[in-house]
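Single-letter residue listing:
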Amino acid sequence: MATIDLEFVSQLYREYASDLSEVMAAQRRFFQANARTMTPQLDDLEAEITYLLLRAFRPDSVVELGTFHGWSTTWILSALRDNGTGRLHSFDKIDNVVRNVPADLAWDRWTFVQGDVKENLGKLPGEAGYLFVDAAHGGRFARWYIENLFPLVPAKTPVSVHDVFHGKRPLPLTEGAVLTRWLGDNDVSYFTASAAKDRESFQRLTELTRELGLGQVRGTTDNPMLYFSMPDPARSAAPVSTVPQRARTLRSPG
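Residues numbered from 1 in each chain as written. Predicted model: local features only at pLDDT ≥ 70, side-chain atom pairs only at ≥ 80, totals over all residues. Heavy atoms only, no water.

Chemist: Would you explain unusual backbone geometry in this entry?
Modeler: Across residues other than glycine, the phi torsion is negative in most instances, and most of the peptide bonds are trans. Of note, the phi angle at D163 is positive, near 60 degrees, even though the residue is not glycine. Looking at the secondary structure, you find D163 in the loop between β5 (158–161) and α8 (175–185). (Helix = DSSP H or I, 4+ residues; strand = E, 2+ residues; numbered from the N terminus.)

Here you go:
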């Protein structure tokens, strides 16, 4: 499986530029039509990268924790539609997403579970091929999914976690602090296009999208999402610390 890094992501932009352009146009229309009732959570690059990784890895099943108004859900479903395969399993305590996701995207490729994922682990697909996390952002939730969900996810599965790098380092006690500490303890590299954390990757991808004539969807440039591949269980044996501490920072590949 390919390493998720700047080189690989740049390659995907070039490979799927035409399809991505069409999806971006559809997402612009979707946002304009629902501007009064939804607040998109993903910035442009991180939404596009999520789409591209899904196209490249072609998972049979995707698990999404946190849907809010459906912005990430529609990006994910667009990728599964364009792949011609795969099903999305989304979990959230609120059901705003049900009213927003277009029927043609949801049809035959989406299962929504309303409720706390902690109480619905039995409704996860048998083997997730991609994990997308954008739910509670406190350290307690991160410790829960590292200890209870990660062991259920096969090795090498791509993972996206939102709202990690709004700055150079995650704030103490946050999801990002717990997650990056776990990644460091288990020697797992990651990629981010965060303008604050990895300015070079952000700038190079921004220049690439201009070169490819892709334009913008929302024009937002924070992109705090972090991407990595799930390590082998034998490697991820380090326990999750319950003692608050400043997060260990990693140098992202690329």
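Following the structure, the description resumes.
Chemist: What's the story with the pattern of salt bridges in this structure? I'm lost.
Modeler: Opposite charge on two side chains makes pairing possible when the charged atoms of those side chains draw close. What the rule picks out here adds up to 7 salt bridges. The shortest N-O distance in the salt bridge between R204 and E200 comes to 3.3 Å. Of this pair, R204 and E200 are both found in helix α9 (residues 199–211), 4 residues apart, which corresponds to roughly one turn of the helix. (Salt bridge = Lys/Arg side-chain N within 4 Å of Asp/Glu carboxyl O.)

Chemist: Teacher, can you tell me more about the sheet that holds strand β2 (residues 87–92) here?
Modeler: Through backbone hydrogen bonds, the strands of a sheet pair up, either in parallel or in antiparallel fashion. Read across the open sheet, the 7 strands follow the order β3-β2-β1-β4-β5-β7-β6; overall the sheet is mixed. Edge positions in the sheet fall to β3 (110–114) and β6 (191–192), since each of these pairs with one other strand and no more. The pairing of strand β1 (residues 61–65) with β2 spans 5 bridges and is classified as parallel. The residue bridging L65 from the neighbouring strand is F91, located in β2. (Pairing = 2+ DSSP bridges.)

Chemist: What is the right way to read the side chain of E64 from this model?
Modeler: Relative to the assigned elements, E64 resides in strand β1. Lacking a salt bridge, the buried E64 has R87 as its closest oppositely charged neighbour, with an N-O distance of 12 Å. One polar contact links E64 to S72, side chain to side chain, over a distance of 2.6 Å. In terms of polar contacts, E64 uses its side chain to reach the side chain of S90, at 2.6 Å. When residues no more than four places from it in sequence are discounted, the contact partners of E64 are S72, T73, I76, L88, H89, S90, F91 and F132. (Buried < 20%, exposed > 50% of the residue type's maximum accessible area, 1.4 Å probe, protein only. Lys, Arg positive; Asp, Glu negative; His and termini not counted. Polar contact = N/O pair within 3.5 Å; in protein donor to acceptor, adjacent residues only side chain to side chain. Contact = heavy atoms within 4.5 Å.)

Chemist: In this structure, what is going on with the pairing of β2? I would like to understand it.
Modeler: The side chains of a regular strand alternate between both faces of the sheet. The element β2 is extensively covered by neighbouring structure, given that 5 of its 6 residues are classed as buried. Here β2 pairs with β3 via 5 bridges, running parallel. Paired with H89 across the strands is T111, a residue of β3.

Geometric descriptors of this kind do not, in isolation, establish any biological role.
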